[in-house]
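# Residue-level structure breakdown
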Amino acid sequence: QVQLVESGGGLVQAGGYLRLSCAASGRTFSSYAMGWFRQAPGKEREFVAAISWTGGSTYYADSVKGRFTISRDNAKNTVYLQMNSLKPEDTAVYYCAADLITTAQAMAVIYPNYWGQGTQVTVSS
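Here we summarise the structure given alongside this text.

Thresholds, definitions, all that
Residues numbered from 1 in each chain as written. Predicted model: local features only at pLDDT ≥ 70, side-chain atom pairs only at ≥ 80, totals over all residues. Heavy atoms only, no water. Buried < 20%, exposed > 50% of the residue type's maximum accessible area, 1.4 Å probe, protein only. Helix = DSSP H or I, 4+ residues; strand = E, 2+ residues; numbered from the N terminus. Pairing = 2+ DSSP bridges. Salt bridge = Lys/Arg side-chain N within 4 Å of Asp/Glu carboxyl O. Contact = heavy atoms within 4.5 Å. Polar contact = N/O pair within 3.5 Å; in protein donor to acceptor, adjacent residues only side chain to side chain.

Counting buried positions over the 6 residues of strand β8 (residues 78–83) gives 5, a clear majority of the element. With 6 bridges joining them, strand β3 (residues 18–25) and β8 adopt antiparallel strand pairing. Within β8, the residue paired with S21 across the bridge is Y80. Two strands pair when backbone bridges link them, and strand β7 (residues 68–73) and β8 are joined in this way by 6 bridges, in the antiparallel orientation. Counted as the bridge partner of S71 is Y80 from β8.

Turning our attention to the pattern of salt bridges. Scanning the entire structure with this criterion turns up 4 salt bridges. Two residues, K65 and D62, come together in a salt bridge whose shortest N-O distance is 3.1 Å. Among the residues examined, D62 registers a relative accessible area of 67% and is labelled exposed. Between R67 and D90 there is a salt bridge, and its shortest N-O distance comes to 2.7 Å. Taken together, the residues span a long stretch of sequence, with R67 in the loop between β6 (58–60) and β7 and D90 in the loop between β8 and β9 (92–99) at a distance of 23 residues. Residue classification places R67 among the buried residues on the basis of a relative accessible area of 10%. When its relative accessible area of 1% is taken as the criterion, D90 is described as buried. Counted as one network, the salt bridges with shared partners bring together R38, E46, R67 and D90.

Let us now look at the environment of G16. Considering the arrangement of structural elements, one finds G16 in the loop between β2 (10–13) and β3. Ignoring any residue separated from it by four or fewer positions in sequence, one finds G16 in contact with M83, N84, S85 and L86.

Another aspect to go through is the side chain of T78. With respect to the element layout, T78 can be found in strand β8. Of the polar contacts made by the side chain of T78, one reaches the backbone oxygen of K76; its length is 2.8 Å. When residues no more than four places from it in sequence are discounted, the contact partners of T78 are S21, C22, A23, F29, R72 and D73.

Set out below in structure tokens:
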């Protein structure tokens, strides 16, 4: 069982940056691949980024590649999403997710077992 709590959302101007954090409970955090998803108003939830349980493999949606960076600190049971060069279209509720899968790329095509409650990111133009 894994419980996830996101933080770090807020309001930022276009071109700015934010860093989201996701704190996980449970002693087996290091066994889980972790991912970030987002859902904008009126749209379906979409994959953003994922990282393997070792941190050695990452995978990104094309829309954020080169601007966002996912990382994890297994000693702190925390995964991060550094978001740079933010655009108004990045506005959404961002969710952290976890699953026992073997690759980061797989996170983009499955529905993870564990989800956080979400944190709002708003980018003004």
